[in-house]
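Descriptive structure summary
One-letter residues, chain by chain:
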Amino acid sequence: MRGRPVLGTLAVLGYIIMIVPILFVVSTAFTAGDALTFPPQGLSLRWFGEALAYQPFISALVSSLQLAVVSTALALLLGVPVTLAIQRGKIPGKSLVEGLFLSPLVVPELVVGLALYQQIMIGLHQTSFVALLVGHTVLLLPYAVRVTGASLALADPAVEEAARGLGASPLRTFFSVTLPLLRPGIFSAGLLSFVTSFNNVPLSLLLQSRQFRTLPVTMLDYVQQSYDPMIAAMSTLILAGTVVIAIVAEKTVGFAKIFGGINK
Amino acid sequence: MSRKPALLLVPGLVFILFGFAIPSALMLLAPPSTPTADVFARLGAMLTDPYDLAIIWRTVRIGLIVTVACVLLGFPIAYLLARSTSRFAGMWLALAIFPLLLSNVVRTFGWLVILGSQGAIGQLLVILGVTDQPPQLLYTELAVVLGLIQLFLPLAVISCYSAVAQVDAGLDHAARGLGATKSQTLWKIVIPLSRPGILIAGTLVFAGATTAYTTPYLLGGSSQRMLSTQLFSYASVSVDWAAASATALIMTVLVFLVSGLSSLVSRKAGVTA
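Residues numbered from 1 in each chain as written. Chains lettered and ligands numbered in written order. Predicted model: local features only at pLDDT ≥ 70, side-chain atom pairs only at ≥ 80, totals over all residues. Heavy atoms only, no water.

As for the overall build of chain A
Helix and strand counts for chain A stand at 12 helices and zero strands. Reading the secondary structure of chain A in the N-to-C direction produces α-α-α-α-α-α-α-α-α-α-α-α. With respect to the three principal axes, the spread of C-alpha positions in chain A is 70 × 65 × 30 Å. Within the span of chain A, comprising 264 residues, buried residues form 53% of the whole. Residue pairs at least 24 apart in sequence account for 70% of intrachain contacts in chain A once pairs closer than 6 positions are excluded. With 15 positive and 10 negative side-chain charges, chain A shows a spacing of 10 Å between the two charge centroids. (Helix = DSSP H or I, 4+ residues; strand = E, 2+ residues; numbered from the N terminus. Buried < 20%, exposed > 50% of the residue type's maximum accessible area, 1.4 Å probe, protein only. Contact = heavy atoms within 4.5 Å. Lys, Arg positive; Asp, Glu negative; His and termini not counted. Charge placed at Lys NZ, Arg CZ, Asp CG, Glu CD.)

If you want it as structure tokens, here you go:
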């Protein structure tokens, strides 16, 4: 940064805006006082205890985890075959098909959420879990298609042709050659999908019901009614979980690589 | 793999058509028990009503400010990291990307602690004797803009980073060797060559900022309504399907217009380059 005063200043300002608010949340979580103020009054872990004993947060956490796991699995089950077809098959209108699967990234999430509310919950009388599962899976499909596609595009199709030429059945070729090539891509896509579903607000807000509400939506509700450090404690616990996921991502596939696939 | 590829597509295609494309089209143009004409009548009314126009204009204005700010702050981070030889550069890049994994709700709560009436900035100003009462910082446009910059800056950093990293650092050295100053090298070599990535960064940030819900809801409140918060209130408070569809149409057209414009510009640049 030396000899670059303007760029350096802008970069520092950028980091401050990205990181400092997160530090404020963490520091207020450890307060001993009753209000969400800064500086915190005294030091204590009491709000972590209260957050973990607060039933609505815990049942919402369970709901969020269920939804994230099931929708990630469904998105991969539907998306990986699509990637295979796009990357390895000779299908007409390839870029059109790929565009269709990436389009949920462009259409505003509130539009998708309201659409599914009208068609699935009102029109077909389905539960909010079904509507959320469809909505989240739609939202995750671009990751499943794009991120796994990026890892497959790097692999040489000749390897698979060689396996076939040596007498392996198509199924055998898939399981012992193609799938291992896909594994890092599937892992990255799965990780991104899980996090995206877990953190989603717009869909989860529009498609919630009394029986099924995700954690971010429950926290938004809570902060409208009472403004106390319990919300900072719960946020800090989510931060800790996210740090663990980030470390796993960095140690396995590498951070920049995971995000490299989606950004194009 | 001769005829099978088409079969592999079928489950995904069925899902995305019935779970996304058709419901979204119906929602925009033919919501339940609402004639399409009503949606367009409502759209026409919104485009002439001062209250609705103020919301549209606020959404576009905030989107533009946030986009410019994110590129202005994100490009320097990306450039310095891409050209850094420090062994900590990777760690700093990870720190810039990490917030993308963290919940928007958690990231936005921080501003409540900083800008709230009991918050850090207000208290500091009172202690310093600048004001008697903490100033109103929350539920202002500034709060929404700050919150959205925080949310979308990592996205700008990644897009700019992959663009700058593709520009051969040897070109920088060559330009410097031929007598260009540092800022000439930046403006004449690095920025023109990484323009496609900067364009992608701007498009992603604009699309995200104009459709984000959590930030305007938490930091803007009812005094700083944007299209997203307005859409939500039509959908779940007043249950006015025609108004919700009209608002959604405005939002969707805005995003598609900017994405289309950006790909047009980058294609044109690609042809002339």
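Let us keep going from here.
Remarks on the pattern of salt bridges
Residue and element names in this part refer to chain B. For the structure on display, the rule yields five salt bridges over all chains. In this structure, Arg-61 engages Glu-141 in a salt bridge whose closest nitrogen and oxygen atoms are separated by 2.7 Å. Of the two residues, Arg-61 is situated in helix H3 (residues 50–83) and Glu-141 in helix H7 (residues 141–166); the sequence distance between them amounts to 80 residues. Judged by its relative accessible area of 24%, Arg-61 is partly exposed. (Salt bridge = Lys/Arg side-chain N within 4 Å of Asp/Glu carboxyl O.)

Examining the UniProt feature "domain: ABC transmembrane type-1" (unreviewed entry) in chain B
When the UniProt feature table is mapped onto this chain numbering, "domain: ABC transmembrane type-1" (unreviewed entry) sits at residues 56–262 of chain B. Span residues 56–262 of chain B is 77% helix and 0% strand, its end C-alpha atoms 21 Å apart. (UniProt positions renumbered as here; feature names shortened; annotations may be inferred.)

Observations concerning the packing of aromatic side chains
Two numbers describe a pair of aromatic rings. These are the distance of the centres and the angle of the planes. All names here are of chain A. Applying the stated criterion across every chain yields a total of 12 aromatic pairs over all chains. On the numbers, 5.1 Å between centres and 65 degrees between planes, the contact of Phe-129 with Phe-212 is edge-to-face. Within this pair, whereas Phe-129 is found in helix H6 (residues 128–154), its partner Phe-212 is found in the loop between helix H9 (202–206) and helix H10 (215–225), the two being separated by 83 residues in sequence. Assessed through its relative accessible area of 26%, Phe-129 is described here as partly exposed. (Phe/Tyr/Trp six-rings, centres within 6.5 Å; stacked < 30°, edge-to-face > 60°.)

Re the packing of helix H7 (residues 157–165) of chain A against helix H8 (residues 170–199) of chain A
All names here are of chain A. Remark: H7 packs on H8, axes separated minimally by 10 Å, with the N-to-C direction vectors making an angle of 155 degrees. The angle between the axes of H7 and H8 places the two elements in the roughly antiparallel class. Crossing geometry of H7 relative to H8 is assigned as right-handed. Contact residues: H7 offers Val-159, Glu-160, Ala-163 and Arg-164, while H8 offers Pro-170, Thr-173, Val-177, Thr-178 and Leu-181. When the residues that make up the contact of H7 with H8 are grouped by side-chain class, the tally is five nonpolar, two polar and two charged. (Axes fitted to C-alpha atoms, helices over the stretch in contact; angles between N-to-C directions. Parallel < 35°, antiparallel > 145°, perpendicular 65-115°, else oblique. Left-handed = near helix turned anticlockwise from the far one by under 90°. Nonpolar A, V, L, I, M, F, W, Y, C, P; charged D, E, K, R; others polar.)

Thoughts on the environment of A:Thr196
All names here are of chain A. Residue placement: Thr-196 occurs in helix H8. Distance in space between the C-alpha atoms of Thr-196 and Val-12 is 28 Å, their sequence separation being 184 residues. For Thr-196, the contacting residues outside a window of four places in its chain are Leu-139, Leu-140 and Tyr-143.

Details of empty space enclosed by the protein
Residues and elements named next belong to chain B. Counting across every chain of the model gives one cavity of 30 Å³ or more. Lining the largest cavity are Met-46, Asp-52, Ile-55, Ile-56, Leu-227, Gln-230, Thr-247 and Ile-250. Of all elements in the fold, only H3, helix H12 (227–236) and helix H13 (241–272) reach the threshold of two or more residues within the lining of the largest cavity. For the lining of the largest cavity, the element with the highest residue contribution is H3, accounting for three residues. (1 Å grid on protein atoms, 1.4 Å probe; cavity = no way out; pocket = protein on both sides within 12 Å on 5 of 7 lines; lining within 4 Å. Points joined across faces, edges and corners; volume = space filled by probe spheres on them.)

With respect to the side chain of B:Ser103
Residue and element names in this part refer to chain B. By the secondary structure assignment, Ser-103 is in the loop between helix H4 (89–97) and helix H5 (104–115). Relative accessible area serves as the criterion here: at 2%, Ser-103 is assigned to the buried category. A polar atom in the side chain of Ser-103 sits 3.1 Å from the backbone nitrogen of Val-105. (Polar contact = N/O pair within 3.5 Å; in protein donor to acceptor, adjacent residues only side chain to side chain.)

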